[in-house]
Amino acid sequence: MKNKILLVLSSLLIFFSSCANEDQNAQLVLSTPVANPAKEISDNGFRAKWNYVSKAPTYLLDVSTSPAFTDFVPNYNAKVISDLNDLVTGLMGGTQYYYRVRAQSDDLIISEYSNVISVITTGTNNIAEDPTFLKVKVNKLANPFFVGMAVKANQLDSGSPYDVILKNEFSSISAEYEMKMDQISTASGVYNWTVADKIVAYGNSNGINVHGHALVWHNSVPTWLANYAGTDAAFALEVKKYITDVVTHYKGKVRSWDVVNEAVEADGTMRNTIFLKRMGANYVNDCFKWARAAAVAAADSQLLLFYNDYATSDNIDKQNAAYTIIDGLVASKLIDGVGFQMHNTIFTPSKAQIESDINRAVAKGLKIHISELDMQVNPGNAPANLTATFTNELRLAQKEKYKEIVKIYNALPAANKYALTVWGMKDNESWIPFSTDLNHPGNDWPLLYDASFGLKSAHTGFLQGLD
Ligand code: 9MR
């Protein structure tokens, strides 16, 4: 009994003394400081600011180019500061930085980290973009892929800046418009091959892959076919003849074709095109069947057939509709890959949306072509917050978004990789600033090179996506 009382008494003693310790510690824990937006932002620095913390005569300031603070700007790894702000200097212009602070008491108790403040220095001068050639870096990867560029025939004359960049940096080309039906087919069974041949020959003679874009697209129906007076069955035979003749003409020269482009609507229904109206719901399957038959007849066993569409990643109804078509083609063993156009913005679609869209095709064993990549800084359709200036913030946001999609693509299994194609070379020649649908004339900078063929940060972002 006596022992029991002793035990209870000593337990109580331990309990009360630990409470007392906690009280003492509680007094020593410092509040977490709140970091405020930077002030006096210049080309090479900014003033970092934060709120006062009771009993904290000093603060420890971290500055980094990484939001995770995996590295630090020299001298800004827990720099001791006895004020509520500090002029950070010696930085690069037009660059994204992050800062955070901790409070420190006299007896060296240190608080938790504050919130992280993001700040971009002004100016663009002297920003060194990485000049590494895209395909050179890609070809060093364990599982490389084609780096594609949309081209126009008049860019391909030897010695033009386009020609030089193409040969240095790109391993695949797609015709931006000159291999579409309205360009090649002038009448039933009559073809104008000249321009398309120039593009294909350029690829073939320079060891650059040629992707064919696109056999059947509702926006490139030649007038004679749009006005076709024959029966629906005769219309279908015209389409079959076109597909057969084009695939045969380019046997062994064009490695892959977008057989059908954009067959589904945003609401998840089949797009009500002339092909759907004239040939019925099975028309996509028919087109693939004819393309495959032409390749087999021409002994072109390497030809890859793609279904190509846009804006499926952030629209599940549309995505499901596209995959209904794709599943039908997989069941008929007619399809080799899916083209995801990716006319994206710096805001959308998200990484997770892109991944889950693409992964559905990966799971079916299909090749993935990011087929028309560009990155608007003004989101589509008459944006309320239209920007007419390509600010540093936008430039860096675009760089990150390019990096993100290249990373996503590069992480795909080797068997699913095909090509990642950018839809045009220079900002000022992209379709985006001229699109009446997107409606922000002149105001966008969606590509990897500026109007003077200068490397943009987007190009550096592309390279960093390969790390
Ligand atoms: O960028 C292309 C533009 O130069 C052409 O005038 C237009 C019509 O042929 O096609 C544009 O490319 C489209 C592509 O073929 C399919 N997806 C949407 C692209 C942008 O409209």
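Higher on the page you've got the structure.
Quantities reported herein were computed from a predicted structural model and do not represent experimental measurements. (Residues numbered from 1 in each chain as written. Predicted model: local features only at pLDDT ≥ 70, side-chain atom pairs only at ≥ 80, totals over all residues. Heavy atoms only, no water.)

Let's talk about the overall build of the protein
Here is step 1 of the chain: Across its full length, the protein holds 13 helices and 19 strands.
Here is step 2 of the chain: A compact globule built from 467 residues should have a C-alpha radius of gyration of about 23 Å, whereas the protein, at 29 Å, is more than 25% larger.
Here is step 3 of the chain: A principal-axis box enclosing the C-alpha atoms of the protein has dimensions of 105 × 65 × 45 Å.
Here is step 4 of the chain: Scored against the burial criterion, the 467 residues of the protein give a buried share of 51%.
Here is step 5 of the chain: Within the structure as shown, the protein displays about 20900 Å² of accessible surface, and the carbon and sulfur contribution to it stands at 55%. (Helix = DSSP H or I, 4+ residues; strand = E, 2+ residues; numbered from the N terminus. Rg over C-alpha atoms; globule rule 2.2 N^0.38 Å. Buried < 20%, exposed > 50% of the residue type's maximum accessible area, 1.4 Å probe, protein only. Areas by Shrake-Rupley, 256 points an atom, 1.4 Å probe, with all protein chains shown as cover.)

Structural notes on the pairing of strand β2 (residues 46-50)
Here is step 1 of the chain: With burial as the criterion, only one face of β2 is covered, namely that bearing F46, A48 and W50; the residues R47 and K49 on the opposite face remain uncovered.
Here is step 2 of the chain: Bridge count for strand β1 (residues 35-39) against β2 is three bridges, and the pairing is antiparallel. Bridge pairing links K39 to R47 in β2.
Here is step 3 of the chain: The pairing of β2 with strand β5 (residues 85-88) spans four bridges and is classified as antiparallel. Residue pairing for β5: K49 is matched across the bridge by N85. (Pairing = 2+ DSSP bridges.)

Overview of the site of the ligand
Here is step 1 of the chain: By nearness alone, every residue bordering the ligand is listed as E176, Y177, K180, H213, W217, N261, E262, Q341, H343, E372, W423 and W431.
Here is step 2 of the chain: Residue K180 places a side-chain N or O atom 2.6 Å away from an oxygen atom belonging to the ligand.
Here is step 3 of the chain: In the environment of the ligand, an oxygen atom lies 3.0 Å from a nitrogen or oxygen atom belonging to the side chain of W423.
Here is step 4 of the chain: Expressed as a share of its isolated accessible area of 450 Å², the protein-covered part of the ligand is 74%.
Here is step 5 of the chain: In this structure the site holding the ligand corresponds to the largest pocket.
Here is step 6 of the chain: Across the shell around the ligand, the residue classes tally to four nonpolar, four polar and four charged. (Near = heavy atom within 4 Å. Polar contact = N/O pair within 3.5 Å; in protein donor to acceptor, adjacent residues only side chain to side chain. 1 Å grid on protein atoms, 1.4 Å probe; cavity = no way out; pocket = protein on both sides within 12 Å on 5 of 7 lines; lining within 4 Å. Sits in = over half its atoms within 2 Å of the grid points. Nonpolar A, V, L, I, M, F, W, Y, C, P; charged D, E, K, R; others polar.)

A few points about the sheet that holds β2
Here is step 1 of the chain: Sheet architecture is open: three strands sit in the order β1-β2-β5, paired in antiparallel fashion. Each end of this open sheet is capped by a strand with a single partner; those strands are β1 and β5. Neighbour-to-neighbour, the strand axes of this sheet turn through a mean angle of 20°, independent of strand direction. (Axes fitted to C-alpha atoms, helices over the stretch in contact; angles between N-to-C directions.)

Structural notes on helix α11 (residues 351-363)
Here is step 1 of the chain: End to end, α11 covers 18 Å across 13 residues, agreeing with the expected 18 Å (1.5 Å per residue, within 8%).
Here is step 2 of the chain: When α11 is considered as a whole, its buried residues turn out to be I354, D357, I358, A361 and V362. For α11, the angular spread of buried residues about the axis comes to 145°, placing them on one side. Facing away from the buried side of α11, by more than 90 degrees, are the exposed residues A352 and A363.
Here is step 3 of the chain: In this structure, the buried residues of α11 make contact with α10 (316-331), β16 (337-340), β17 (343-345), β18 (367-376) and α12 (392-410). (Expected span 1.5 Å × (residues − 1). Arc of directions from axis to C-beta. Contact = heavy atoms within 4.5 Å.)

Focus: the sheet that holds strand β4 (residues 79-81)
Here is step 1 of the chain: Taken in spatial order, the four strands of this open sheet run β4-β3-β6-β7, and their pairing is antiparallel. Unpaired on one side and paired on the other, β4 and β7 (117-120) mark the two borders of the sheet. Averaged over all pairs of adjacent strands, the angle between strand axes in this sheet comes to 35°, irrespective of strand direction.
Here is step 2 of the chain: Where strand β6 (residues 96-104) and β7 come together, four bridges link them in antiparallel fashion. Its bridge partner lying in β7, Y99 is registered against I117.

Structural notes on the layout of surface pockets
Here is step 1 of the chain: What the largest pocket holds in volume is close to 950 Å³.
Here is step 2 of the chain: Along the wall of the largest pocket there are 39 residues; nearest its centre are Y310, Q341, H343, W431 and L438.
Here is step 3 of the chain: Elements with a contribution of two residues or more to the lining of the largest pocket: α4 (181-184), β17 and β18.
Here is step 4 of the chain: Element by element, the count of residues in the lining of the largest pocket is highest for β17, at three residues. (Points joined across faces, edges and corners; volume = space filled by probe spheres on them.)

Topic: the side chain of N416
Here is step 1 of the chain: Following the sequence through the fold, N416 ends up in the loop between α12 and β19 (417-422).
Here is step 2 of the chain: Since its relative accessible area comes to 6%, N416 is described here as buried.
Here is step 3 of the chain: Non-local contacts of N416, meaning those with residues more than four positions away in its chain, are made with V362, G365, L366, K367, I368 and Y409.

Some details on the packing of aromatic side chains
Here is step 1 of the chain: By the definition in use, this model includes 16 aromatic pairs.
Here is step 2 of the chain: With 6.2 Å between their ring centres and 45° between their planes, Y191 and Y242 make a pair best called tilted. You can see Y191 sitting in strand β11 (residues 190-191) and its partner Y242 sitting in helix α7 (residues 232-249), a full 51 residues away along the chain. The burial state of Y191 is the same as that of Y242; both residues are buried.
Here is step 3 of the chain: Consider the rings of Y250 and W257, whose centres lie 6.5 Å apart with planes at 50°: the pair is tilted.
Here is step 4 of the chain: By the ring-pair criterion, three or more aromatic residues cluster together here, those being Y191, W193, Y242, Y250 and W257.
Here is step 5 of the chain: The cationic tip of R100 hangs over the ring face of F69; the distance from NZ or CZ to the ring centre is 3.9 Å.
Here is step 6 of the chain: Taking the ring centre of Y113 as reference, the NZ or CZ of R100 above it sits at 3.7 Å. (Phe/Tyr/Trp six-rings, centres within 6.5 Å; stacked < 30°, edge-to-face > 60°. Lys NZ or Arg CZ within 6 Å of the ring centre and 35° of its normal.)

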